[in-house]
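What the coordinates show
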4 protein chains.
Amino acid sequence: MRTFRLVIACPDRVGIVAKVSNFLATYNGWITEASHHSDTHSGWFFMRHEIRADSLPFDLDGFRQAFSPIANEFSMEWRVTDSSVRKRVVLMASRESHCLADLLHRWQSGDLDCDIPCVIANHDDLRGMVEWHGIPYYHVPVNPADKQPAFDEVTRLIDEQSADAVVLARYMQILPPALCEKFAQRVINIHHSFLPSFVGAKPYHQAAKRGVKLIGATCHYVTEELDAGPIIEQDVARVTHGDSPEEMVRLGKDVERRVLARGLRFHLEDRVLVHDNKTVVFA
Amino acid sequence: MRTFRLVIACPDRVGIVAKVSNFLATYNGWITEASHHSDTHSGWFFMRHEIRADSLPFDLDGFRQAFSPIANEFSMEWRVTDSSVRKRVVLMASRESHCLADLLHRWQSGDLDCDIPCVIANHDDLRGMVEWHGIPYYHVPVNPADKQPAFDEVTRLIDEQSADAVVLARYMQILPPALCEKFAQRVINIHHSFLPSFVGAKPYHQAAKRGVKLIGATCHYVTEELDAGPIIEQDVARVTHGDSPEEMVRLGKDVERRVLARGLRFHLEDRVLVHDNKTVVFA
Amino acid sequence: MRTFRLVIACPDRVGIVAKVSNFLATYNGWITEASHHSDTHSGWFFMRHEIRADSLPFDLDGFRQAFSPIANEFSMEWRVTDSSVRKRVVLMASRESHCLADLLHRWQSGDLDCDIPCVIANHDDLRGMVEWHGIPYYHVPVNPADKQPAFDEVTRLIDEQSADAVVLARYMQILPPALCEKFAQRVINIHHSFLPSFVGAKPYHQAAKRGVKLIGATCHYVTEELDAGPIIEQDVARVTHGDSPEEMVRLGKDVERRVLARGLRFHLEDRVLVHDNKTVVFA
Amino acid sequence: MRTFRLVIACPDRVGIVAKVSNFLATYNGWITEASHHSDTHSGWFFMRHEIRADSLPFDLDGFRQAFSPIANEFSMEWRVTDSSVRKRVVLMASRESHCLADLLHRWQSGDLDCDIPCVIANHDDLRGMVEWHGIPYYHVPVNPADKQPAFDEVTRLIDEQSADAVVLARYMQILPPALCEKFAQRVINIHHSFLPSFVGAKPYHQAAKRGVKLIGATCHYVTEELDAGPIIEQDVARVTHGDSPEEMVRLGKDVERRVLARGLRFHLEDRVLVHDNKTVVFA
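Cut-offs and rules
Residue positions within a chain follow its written sequence, with the count starting from 1. A letter from A marks each chain and a number from 1 marks each ligand, given out in the order of writing. In view of the model being predicted, local features appear only for residues whose pLDDT reaches at least 70, and side-chain atom pairs are presented and counted only at 80 or more, with totals across whole chains, interfaces and linings using the full set of residues. Heavy atoms from the whole structure form the basis of all side-chain values; hydrogens and water molecules are not counted. Starting at the N terminus, helices and strands are each numbered in turn, a helix being any DSSP run of H or I of at least four residues and a strand any DSSP run of E of at least two. Throughout, the radius of gyration refers to the C-alpha atoms, and the reference size of a globule is 2.2 Å times the residue count to the power 0.38. Exposure classes here rest on a 1.4 Å probe applied to the protein chains alone. A residue is buried below 20% of its type maximum, exposed above 50%, and partly exposed in between. Whether two residues are in contact is decided by their heavy atoms: any pair within 4.5 Å suffices. Where accessible areas are quoted, they stem from the Shrake-Rupley method and a 1.4 Å probe; at the residue level, only the protein chains shown are allowed to cover. We treat Lys and Arg as the positive residues and Asp and Glu as the negative residues; His and chain ends play no part in the count. A charge is said to be at NZ when it belongs to Lys, at CZ for Arg, at CG for Asp and at CD for Glu. By buried area we mean the combined loss of accessible area, with a 1.4 Å probe, across both parts when two parts are placed together. Any carboxyl oxygen of Asp or Glu that lies within 4 Å of a side-chain nitrogen of Lys or Arg is treated as forming a salt bridge with it. Between N or O atoms, a polar contact is any pair within 3.5 Å; within protein, one atom must be a potential hydrogen donor and the other a potential acceptor, and residues adjacent in sequence are included only when both atoms are from side chains. Residues are grouped as follows: Ala, Val, Leu, Ile, Met, Phe, Trp, Tyr, Cys and Pro are nonpolar; Asp, Glu, Lys and Arg are charged; every other residue, Gly included, is polar. UniProt positions are given in the numbering used here, feature names are shortened, and annotations may be inferred rather than shown by experiment. The angle between two axes is taken between their N-to-C directions and runs from 0 to 180 degrees, where each axis is a line fitted to C-alpha atoms and a helix contributes only its stretch in contact. Angular relationships are summarised with four words: roughly parallel below 35 degrees, roughly antiparallel beyond 145, roughly perpendicular across 65 to 115, and oblique for the angles in between. Crossing handedness: left-handed means the near helix sits turned counterclockwise from the far one by under a right angle, and right-handed means the same turn made clockwise. Each patch groups residues whose relative accessible area exceeds 30% and which form no salt bridge, using 9 Å between like charges and 5 Å between nonpolar side chains of Val, Leu, Ile, Met, Phe, Trp and Tyr. Working definition: a ring pair exists when centres of Phe, Tyr or Trp rings (six-membered ring for Trp) sit within 6.5 Å. Plane angles under 30 degrees give stacked, over 60 give edge-to-face, the rest tilted. The split into domains, and so the bounds of each, comes from an automatic or database assignment of domains. In this description, the arc belongs to the directions extending from the helix axis to the C-beta atoms. All copies are superposed by least squares; the fitting set is the C-alpha atoms of residues with a pLDDT of at least 70 in both.

1. Some thoughts on the overall build of chain A
If you tally the helices and strands in chain A, you get eight helices and 14 strands. In summary, chain A has a C-alpha radius of gyration of 20 Å against a globular reference of 19 Å for 283 residues, a match within 12%. Judged by the C-alpha coordinates and their principal axes, chain A covers about 60 × 40 × 35 Å. Counting all 283 residues of chain A, 61% fall into the buried class. Contacts in chain A between residues at least 24 apart in sequence constitute 67% of all its contacts with a sequence separation of at least 6. Accessible area of chain A: about 10900 Å², with a carbon and sulfur share of 48%. Each charge class in chain A can be summarised by its mean position, and for the 32 positive and 38 negative side chains these summaries are 4 Å apart.

2. Some points on the interface of chain B and chain C
If you look at the interface, chain B gives 32 residues, while chain C gives 32 residues. When chain B packs against chain C, close to 2600 Å² is buried across both sides, 54% of that on carbon and sulfur atoms. The largest contributions to the chain B side of the interface with chain C come from R210, K213 and H241 of chain B, which together make up 28% of the buried area. E233 of chain B is paired through a salt bridge with R238 of chain C; the nearest N and O atoms lie 3.2 Å apart. The interface formed by chain B and chain C contains 21 residue pairs in polar contact (both at pLDDT 80 or more). The set of elements that each furnish at least two residues to the side of chain B that touches chain C consists of helix 7 (203–210), strand 12 (231–238) and strand 14 (278–281) of chain B. A per-element tally of the side of chain B that touches chain C places strand 12 of chain B first, with seven residues. The residue makeup of the side of chain B that touches chain C, split by class, is 14 nonpolar, nine polar and nine charged.

3. Quick word on the interface of chain A and chain D
Opposite the 32 residues of chain A that make contact, chain D presents 32 residues. Buried surface at the junction of chain A and chain D, both sides included, amounts to about 2600 Å², of which 54% is carbon and sulfur. For the chain A face of the interface with chain D, the top three residues by lost area are R210, K213 and H241 of chain A, together amounting to 28%. Across the contact surface, chain A and chain D share four salt bridges. Residue R238 of chain A pairs with D235 of chain D through a salt bridge whose shortest N-O separation is 3.8 Å. Here chain A is connected to chain D by 21 residue pairs in polar contact (both at pLDDT 80 or more). Those elements that place two or more of their residues in the side of chain A that touches chain D are helix 7 (203–210), strand 12 (231–238) and strand 14 (278–281) of chain A.

4. Regarding the UniProt feature "active site" (unreviewed entry) in chain A
UniProt feature "active site" (unreviewed entry): in the numbering of this structure it lies at D227 of chain A. Here D227 of chain A shows up in the loop between strand 11 (214–221) and strand 12. Those residues in contact with D227 of chain A that sit more than four places away from it in its chain are N189, H191, L195, V199, G200 and H220 of chain A together with R210 of chain D.

5. Concerning the packing of helix 7 of chain A against helix 8 (residues 245–268) of chain A
All names here are of chain A. Close contact between helix 7 and helix 8 brings their axes to 9 Å; oriented N to C, the two are set at 120°. Put simply, helix 7 runs oblique to helix 8. Like other packed secondary-structure pairs, helix 7 and helix 8 cross with a definite hand, here right-handed. Along its contact with helix 7, which presents Y204, H205, A207 and A208, the element helix 8 presents P245, E246, M248, V249, G252, K253 and E256.

6. A short note on a nonpolar patch on the surface
Among the surface-exposed residues, I174, V199 and L226 of chain A lie close enough to one another that they form a single nonpolar patch of about 250 Å² accessible area. Mapped onto the fold, L226 of chain A is located in the loop between strand 11 and strand 12.

7. Side note on the pattern of salt bridges
Counted under the stated rule, the structure contains 124 salt bridges over all chains. Taken together, the shared-partner salt bridges in this structure form one network comprising R5, E33, R48, E50, R79, K87, R265, E269, D270 and R271 of chain A.

8. Re the packing of aromatic side chains
Residues and elements named next belong to chain A. Inspection of every chain in the model, using the stated rule, returns 37 aromatic pairs over all chains. Seen from their ring centres, F58 and F63 are 5.7 Å apart, and the 75° between their planes marks the pair as edge-to-face. Overall, F58 belongs to the buried group, its relative accessible area being 16%. With a relative accessible area of 0%, F63 lands in the buried category. Ring geometry for F63 and F67: centres 6.0 Å apart, planes at 40°, overall tilted.

9. Brief notes about the domain arrangement of chain A
Residues and elements named next belong to chain A. Segmentation of chain A into domains returns domain 1 (3–82) and domain 2 (87–281). One C-alpha centre belongs to domain 1, the other to domain 2, and the line joining them spans 31 Å. If you look at the interface, domain 1 gives 14 residues, while domain 2 gives nine residues. Both sides together, the interface formed by domain 1 and domain 2 hides about 990 Å², and carbon and sulfur atoms give 52% of it. When residues of domain 1 are sorted by the area they lose upon contact with domain 2, R5, F46 and R48 head the list and together hold 42% of the total.

10. Observations concerning helix 7 of chain B
Among the residues of helix 7 of chain B, P203, Y204, A207, A208 and R210 of chain B are the ones counted as buried. Taken around the axis of helix 7 of chain B, the buried residues stretch over an arc of 165°, which confines them to a single face.

11. Section: the relation of the copies chain A and chain D
The two copies are related by a screw operation: chain A maps onto chain D through 180° of rotation and 0.0 Å of translation along the axis, at an RMSD of 0.0 Å. In short, the pair behaves as if placed about a two-fold rotation axis. Within chain A, the C-alpha atom positioned nearest to the axis of rotation is that of S197 of chain A, 2.6 Å from it. Interface overlap between copies is the fraction of interface residues in one copy that are interface residues in the other; for chain A against chain D it reaches 100%, indicating a shared surface.

12. Examining the relation of the copies chain B and chain C
For the pair chain B and chain C, the superposition axis carries a translation of 0.0 Å, the fit reaches an RMSD of 0.0 Å, and the rotation angle comes to 180°. Taken together, the interface assignments show that 100% of the residues at the interface of chain B recur at the interface of chain C, consistent with an identical surface on both copies.

Set out below in structure tokens:
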């Protein structure tokens, strides 16, 4: 069923829900899902509606025009999207295949509702897998001595593809600040630890050294500060003294896969709102 | 913060959300929480709002009067409750203390927002614990040859206490149909298995015999059919071949405790709606 | 590190551990992992050792010869395997790709230590995916009116491949008793429910109808009685009233994938012992 | 069933298992549980046996005498304990009752196999609860300007009670280094975060500020460095944007309770071995 997704964040005050609901009712909008959140700490209000597109008398542009006065009145940050317009997701990878293979399979079997215009990787190892799925593969090696040309090329490719989201499927390179800023809240990373524990390199080895009894993975938006962006989703798996770092790496792959897939799905369905370096996720 | 909780179930059709939100806005109601659910299978719609009581110009009765026309228009099953009016919960127990002790402690420490007018038990073992909490204890033994007098007395006590909920905290007796019906959707049981597996007696022994790798507990409303009422909450814990039935009993206690406490909390906060022997839980 | 895996089940009595450990010490065997289990209910004893192959003075045959007297003395059911000899695993599938794709990827990336000599499927849909991995694909359609020829062909293929294990990766056909018996404790199925709940067809629809709050998956050895064989591994995922059967199907795929992969891994590493329709899993 | 628990840590080399098993067999020891772990990274070996006491010809002292030569030969750190000799556990608390109430109930109902000679608290709030259980309550207030007298008194009480373990059941005071050292590997703390995240004060508020999607609790041995001792057990619970720090506090209590209870149980059953600021837990 095709829906419009209306996503709103604004300072909290009385009457927002009524105003929005009334607007939708005026046009006979059939609401299939509605979520609210008042953050009493920050004084902000968050809201998401799904409305059957065929119940409304206008298209997205018409919706935008009609809704603008309300948005202005309440100083809303807002967007409305059409569930039938697939988001364009550029995947970035390195040598590790588990997250990439998982996303490609979900996409191929129809469980991940998006287009994947291309995969960009700093190694050529995963070309075969990607091309078998019928997706273009761009090998953009990163020269450790001068990374900028590579990131210029990455930026060009993302722009060229009009990407709505960029997924770092274990890309293993730190994006430069300019790129983080340009695509703010559109670059999704999977970090292989339960953040804020074990930021940076080799988190499973850090975890083994500290002797934790659970390992985790964190899906978050990339910001300039490493592994410190808004968290979308996290999960953990149990480990014991018997698990070496290598076994943790293996066990962690399952956690990474499902955390990334869940986080990306939330993003694709416009369920994630960012405020104050945190997310509201209307799951 | 004192709120009114408006809980609605009705046949789904366009305009319900708008009508209700508009009603609330007309009276300047400040919505702090809102949840919707459209069940496309049954064609029913479910809705729950929390509204700051001090933002509304009327008390519960005034609310009811003002809202009635809308409720009638949409053929709603509905109720509105006041978060500051504590529900009265009668606890029933047998000899096992873990669920009872847990609920009493949560109540005493202020984590369980209700009154507990009394505990009814078919054995006298737990009197000391209950009375230490300052709660009356009624020992109502059940004569296996003729159980009716005991259940008459139980019914009398529940009525006398004007109970909003009855919690079978491992009561271990099957309630007669008349009692189930009289207090429908008000009697909450904790069953020590992951229903629908292992209905009836000694579920941990059944689980051990079947060799399952997880054990569970289920919190549900009691209906005439044994262990077949609407499920409110469930959870599981991992077991291995090394766990005897006795160890499963011990491990299961933790699951039972937290599943019952969560289920009861949902009930107390008017988060559970029952339809078609299933629950909608606006957690 | 190459190891020998010595797996033993026998009636429990004093001295077994000492005898076996002493045997290994006599030959300077370096034990890297040891697990025991006494089942007080059945009076059976289970034991598994991993011993560094390079610490022992003999090969598998030599081991078998040297150990036989002890095995006889204690009436052991036993086997010893070589970790460097990959087991041969025939995968069977139908149309659903998620379990098959997951196993193929784990195999390809080296996380699943086995050979996959072929995939057998009753539909032709997944040929491309399988052949891209360089694995032969046999399409053996099952004629509903007369299934025996198909199962004869399946049996022939399994025999021809000298399979150590057959994995039903959502094969969706019920194997005939003769086949179950012939490959007893070698055929591994993934059932998409938390057994013993929801045996048989469309378990997610059964789960949705019952209104459970968790869905699950079960990896088990196939026996003649449907979905009643020894359970190797299980896990669950949380669902809500908002999840339709179709969404449960999607959410369940993740559980199925990881439960099957874990169960198969246990089998491949000779960690699973079957007794009395239950498993001992030395995880 | 009364058992002796033999717990060993020593540099790894061939023949340890055989030597120990052979020793036990020589005396007809009936092994009911056996666990090994080789840490290839540190080159240490860990081992735990439970042996039926009635199968052995000696008492603990006799066991110690007989086993000493082997212990010396392999440079073992070792101990042997008698399951029928209950450990003495001093509980320490402050004002929060949830962990204390939980442990007292488990103890009273026979699920926690230990003696609790007394509770020490820096406030007097929980006296009634403790004394109702028939356990002496010592109120030792801590003067912020000079804490040493209080800790001297605490030390005196622990010594007087010959405590085998001290449990900080949300004690909320930092123990001085001398006390940590004197009772090394005997003081068990429950920290209300998933360490190493959110060390120190108000971890739930830190968690809310970071926007994590899971909160946790960690049971660990206390060392001089705050919240940095060897981790015994951890677990987590899911939270959302909707959970305020106060709600996280409430949700976290359940995690704290069960993590502390599990960790303490492992300690009481001599299942925890400490090496290199990490634990081996033979669960």
